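Summary of the model geometry
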Amino acid sequence: MTDERTIRIEPVTRLEGHGELTIKLGKGGKVKDVQFNISSTRFFEKFLEGRLAEEVPRIAERICGICPVPHLLASVKAVEAAWDVNPPSAAEKVRRLFLNAKQLSSHGLHFFALAAPDFLAGPFADPSQRNVVNIIKSLPDVGKLALQVMEYGQDLVSAIGGKSIHPVTATPGGMLNPFSEEHRDNFLERMEDLKEWTTDTVELAKKVVDDYWDVIENFAVVPTYYLGMHYRGNYEIYDGRLRVMNPEGEIVENFPAKRYRKYYGEHVPDHSYATHIYYKPAGYPEGVWRANSLARINVADKMPTPLAQEALEELREKLGRPTHATFAYHWARVIEMIQAVEEMEKLLTDPEIVSTDVKLSDVEPKKGNGVGVVEAPRGTLLHHYWTDEKGIVTKTNLVVATNNNIGGIEKSLMKAAKQVFENKEHENLNLPDPMIK
Amino acid sequence: MAKRVAFTQLSSCWGCDQSLVDLHLGLLDVIPELEIVYWPAVVDYKLKDLENLSDQSIEFGFVEGSCRTKEDEHLLKVMRKKSQTLIAWGSCSCYGGVQGLGNQWSIDELMERKFKTADTVTNGRIPEENMPGFTDHVKANTEIVPFELRIPGCPPTPENTLEGLTALLQGKEYKLPNKTVCDECPKEREHKTITEFHRTHEGKIDPDRCLLDQGYLCLGFATISLCGAQCPKVNTPCKGCFGPPPGVIDHGAKIISALGSVVDMDAEELREHFPDTIGSFYFTDYASSYLSKITSRKNKEES
């Protein structure tokens, strides 16, 4: 008789993408191995070859239906870098508004639909109850709040990009369509409501943080490296240099994206179609880094807008810098929502946002290669294209946001599995009464 | 009484899911009508729960994505067995989707590039442990199992999905419109003869005039109208992501033959303008083209 067994969670739910979880337990419940099995991939790296480079952004954004805007923009920026093109400043502002609008709706979706069910219904609730549909039914105010926050972001994406999913207007040299005064007025008018909803979201998030403090502080806390963008130390998502922070909290690298190959390693595990990106100089698995909200707020010295900075200070006061608390990702995400709303308001009140001078008309293809990087909701997103003299893509390298996190997720899962199966720590966690009963 | 529905994602971008969520407050009217029995993106039921349902016990089964892995094929077959009405939801499901462009290469070439020769890869190998394995090529789901309904689009708009869902809930017939994007496009079309094509980044687009008349390859004339001409309305050429109107089997072939009547160019000139014919004329539906099937057969024979 042996108590060795393998646990398979198939599929991991409330996840964007295809994942399964394998936990191998040895004698006495010792955790021998934890695998995060990402079970699908579609080979964009290859089938973007041979395409007209200016059409590639519209193909490449189909990597993700939840975050097409960052893919569209990273892709356009890569083509612009390869062709030495600098779009007009108004186009850059519209793109920033675009990216922040997506950040808002994606973070809203993540917080309310993917994460909140665990906290509002409780981690031990019946699986049939642990979802956003139940939140909408049982806590209609929270449900409505979620839907309105997401709607503002998605509507703004659509106003700029023509469609909320797989938008189309960004092209090498700028934007094919200016942002209209009519749209600007409409979104400014709705801004007061958005700010109120954001405040309500922050209140809810604070309650969750307080209620689940024991979990945040003690569960699945794993030191890793962190990767994120900054502009002169400020938090930044559209255009800046990249920083790598080590587990001790020291900034060990600060480089322009085009030099990424010196710092990025891509480990191919035998058990996942998604590769594990890591800090190459430290080797694998020691150099496993994480990206996304927690990484961004770890590597940035400060947030560029006042309310977001206040929120960051509050987090740092409680958890320090860096924080390795995996559950603090949710808190960091809320700080970023505040940041996105503040930045959107700033951009919407900038007269240049409705400028019609948003596209160059003399863009010429050339032979070269270019790297485009933005911060996507799930982390630093990098597209690298080589084009020939006619502007046809001959080769690509894509390091998508989520892959920066897979190695770190596996580390968190290993830690959590040990806490659960070896030490039964989950039985002693101090948990609140669920808001949904 | 609420209807039993399932939403399943095969290999895809999950944009169809996001599109459904984009009904936002409209969801409040729809949700009470649905009993969700499987939807991994939202609800915590596992594959075993789906497999354990009685056959035909799902009233409406929505399938997003196409079969890039053998796990996808399994899921598609399970959904077929469990569903009374199976809906091909989105262009991946209806035509194979953008990943169908991968059919230009063999699966070995695709794997080689991703897992072995990518610039940042430090230990090339093909993952195998607990991995499902890939299909040799991508096909439209409708070529693998029969479907009762198709709602194409990359993704379908929230209104498209709502319209289909409402028809199903009310037991009414849902028919795809026999119209093209041009029928919904507000731009003025003079049906000019085209002597030169511009690439999308070139020049300045006149916002009031037909994009095709201006020499931009806008595929609205050969693409089904479900989207409300979203792209041309923001000065961006249609790439045909919703696929052809009903009755047209090979979208790209239709585009090329229709172009013949508006273009004053010989075949050689046309080829020079479009060095990537597959990417230009078969954006999300290459997998359902005759050309793709011939290439796939050839790749198979060679391996």
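Presented here is a report on the structure given in the accompanying data block.

Cut-off values and rules
- Residues numbered from 1 in each chain as written.
- Chains lettered and ligands numbered in written order.
- Predicted model: local features only at pLDDT ≥ 70, side-chain atom pairs only at ≥ 80, totals over all residues.
- Heavy atoms only, no water.
- Helix = DSSP H or I, 4+ residues; strand = E, 2+ residues; numbered from the N terminus.
- Rg over C-alpha atoms; globule rule 2.2 N^0.38 Å.
- Buried < 20%, exposed > 50% of the residue type's maximum accessible area, 1.4 Å probe, protein only.
- Contact = heavy atoms within 4.5 Å.
- Areas by Shrake-Rupley, 256 points an atom, 1.4 Å probe, with all protein chains shown as cover.
- Lys, Arg positive; Asp, Glu negative; His and termini not counted.
- Charge placed at Lys NZ, Arg CZ, Asp CG, Glu CD.
- Buried area = accessible area lost by both parts, 1.4 Å probe.
- Salt bridge = Lys/Arg side-chain N within 4 Å of Asp/Glu carboxyl O.
- Polar contact = N/O pair within 3.5 Å; in protein donor to acceptor, adjacent residues only side chain to side chain.
- Core = buried A, V, L, I, M, F, W, Y, C linked by side-chain atoms within 4.5 Å.
- Phe/Tyr/Trp six-rings, centres within 6.5 Å; stacked < 30°, edge-to-face > 60°.
- Lys NZ or Arg CZ within 6 Å of the ring centre and 35° of its normal.
- Patch = residues over 30% accessible without salt bridge, like charges linked within 9 Å, V, L, I, M, F, W, Y side chains within 5 Å.
- Pairing = 2+ DSSP bridges.
- Axes fitted to C-alpha atoms, helices over the stretch in contact; angles between N-to-C directions.
- Expected span 1.5 Å × (residues − 1).
- Arc of directions from axis to C-beta.

The next point concerns the overall build of chain A. Secondary structure summary: chain A contains 13 helices and 15 strands in total. The C-alpha atoms of chain A give a radius of gyration of 22 Å, which matches the 22 Å a tight globule of 437 residues would have. Sorting the 437 residues of chain A into buried and exposed places 67% on the buried side. When contacts within chain A are restricted to residue pairs at least 6 apart in sequence, long-range pairs at least 24 apart make up 67% of them. When the accessible surface of chain A is split by element, carbon and sulfur atoms take 48% of a total near 15100 Å². Charge centroids of chain A, computed over 53 positive and 62 negative side chains, lie 5 Å from each other.

With that settled, the discussion passes to the interface of chain B and chain A. The interface is formed by 82 residues belonging to chain B together with 97 residues belonging to chain A. When the two sides are added together, the surface that chain B and chain A hide from each other amounts to roughly 7800 Å², 58% of it contributed by carbon and sulfur. One can count nine salt bridges joining chain B with chain A. When the shortest N-O distance is used, the salt bridge between A:Arg51 and B:Asp276 registers 2.9 Å. Applying the counting criterion to the chain B and chain A interface returns 46 residue pairs in polar contact (both at pLDDT 80 or more). When residues of the side of chain B that touches chain A are traced back to their parent elements, those giving at least two are helix H1 (15-21), helix H2 (27-30), strand S2 (34-38), helix H4 (70-82), helix H6 (107-117), helix H8 (230-233) and helix H11 (277-281) of chain B.

Looking now at the nonpolar core. By size, the foremost hydrophobic cluster in this structure holds 191 residues, and its most contacted members are A:Tyr152, A:Phe179 and B:Phe197. Top element by residues in this core is helix H4 (residues 89-120) of chain A. It accounts for 16 residues. Not counting residues within four places of it along the chain, the set of residues in contact with B:Phe197 comprises B:Glu202, B:Leu212, B:Gly215, B:Tyr216, B:Leu217, B:Leu259, B:Val263, B:Met265, B:Leu270, B:His273 and B:Phe274. Of all hydrophobic cores here, the second largest spans 20 residues; its members include B:Ile58, B:Leu75, B:Val78 and B:Tyr95.

Our focus in this paragraph is the packing of aromatic side chains. Residues and elements named next belong to chain A. In this structure the tally under the stated criterion is 24 aromatic pairs over all chains. An aromatic cluster of three or more residues is present, and its members are Tyr-225, Tyr-260, Tyr-264, Tyr-279 and Trp-289. When the ring centre of Tyr-238 is taken as origin, the NZ or CZ atom of Lys-77, which lies over that ring, is 4.5 Å away.

Attention shifts here to a negative patch on the surface. Residues and elements named next belong to chain B. A cluster of acidic residues, Asp-108, Glu-109, Glu-112, Asp-136, Glu-301 and Glu-302, forms a negative patch on the protein surface. Broken down by secondary-structure element, the contributors of at least two residues to the negative patch are H6 and helix H12 (290-302). Positionally, Glu-302 belongs in helix H12.

This paragraph deals with the sheet that holds strand S13 (residues 368-376) of chain A. Residues and elements named next belong to chain A. Overall, antiparallel pairing links the three strands, which are arranged S13-S14-S15 in an open sheet. Two strands bound the open sheet, and with one partner strand each, they are S13 and strand S15 (393-399). The sheet shows a mean angle of 15 degrees between the axes of neighbouring strands, taken without regard to direction. Pairing geometry for strand S14 (residues 379-387) and S15, over six bridges, is antiparallel. Considered in S15, the bridge of His-383 is made with Leu-398.

Residue and element names in this part refer to chain B. Read from one edge of the open sheet, five strands run S2-S1-S3-S4-S5, paired in parallel fashion. Looking at which strands have only one partner, the edges of the open sheet turn out to be S2 and strand S5 (149-151). Across the sheet, the mean angle from the axis of one strand to that of its neighbour is 30 degrees, orientation sign disregarded. The pairing of strand S4 (residues 83-89) with S5 spans three bridges and is classified as parallel. The residue of S5 that forms the bridge with Trp-89 is Ile-151. Across the sheet, H4 touches strand S1 (3-9), strand S3 (58-64) and S4, and the angle it forms with S4 is around 135 degrees. Packed onto the sheet, helix H7 (residues 158-170) meets S1, S2, S3, S4 and S5 and runs at close to 160 degrees relative to S3.

A separate point is helix H11 (residues 306-319) of chain A. All names here are of chain A. Spanning 14 residues, H11 covers 20 Å between terminal C-alpha atoms, matching the ideal 20 Å at 1.5 Å per step. For H11, the set of buried residues is Ala-308, Gln-309, Ala-311, Leu-312, Leu-315, Arg-316 and Leu-319. Along the axis of H11, the buried residues cluster in a sector spanning 160 degrees; they form a single face. When the buried face of H11 is taken as reference, the exposed residues oriented beyond 90 degrees from it are Pro-306, Glu-310 and Glu-317. Against the buried residues of H11 lie helix H9 (213-218), helix H10 (292-299) and helix H12 (328-348). Backbone geometry just downstream of H11 places Gly-320 in the positive-phi region, at approximately 80 degrees.

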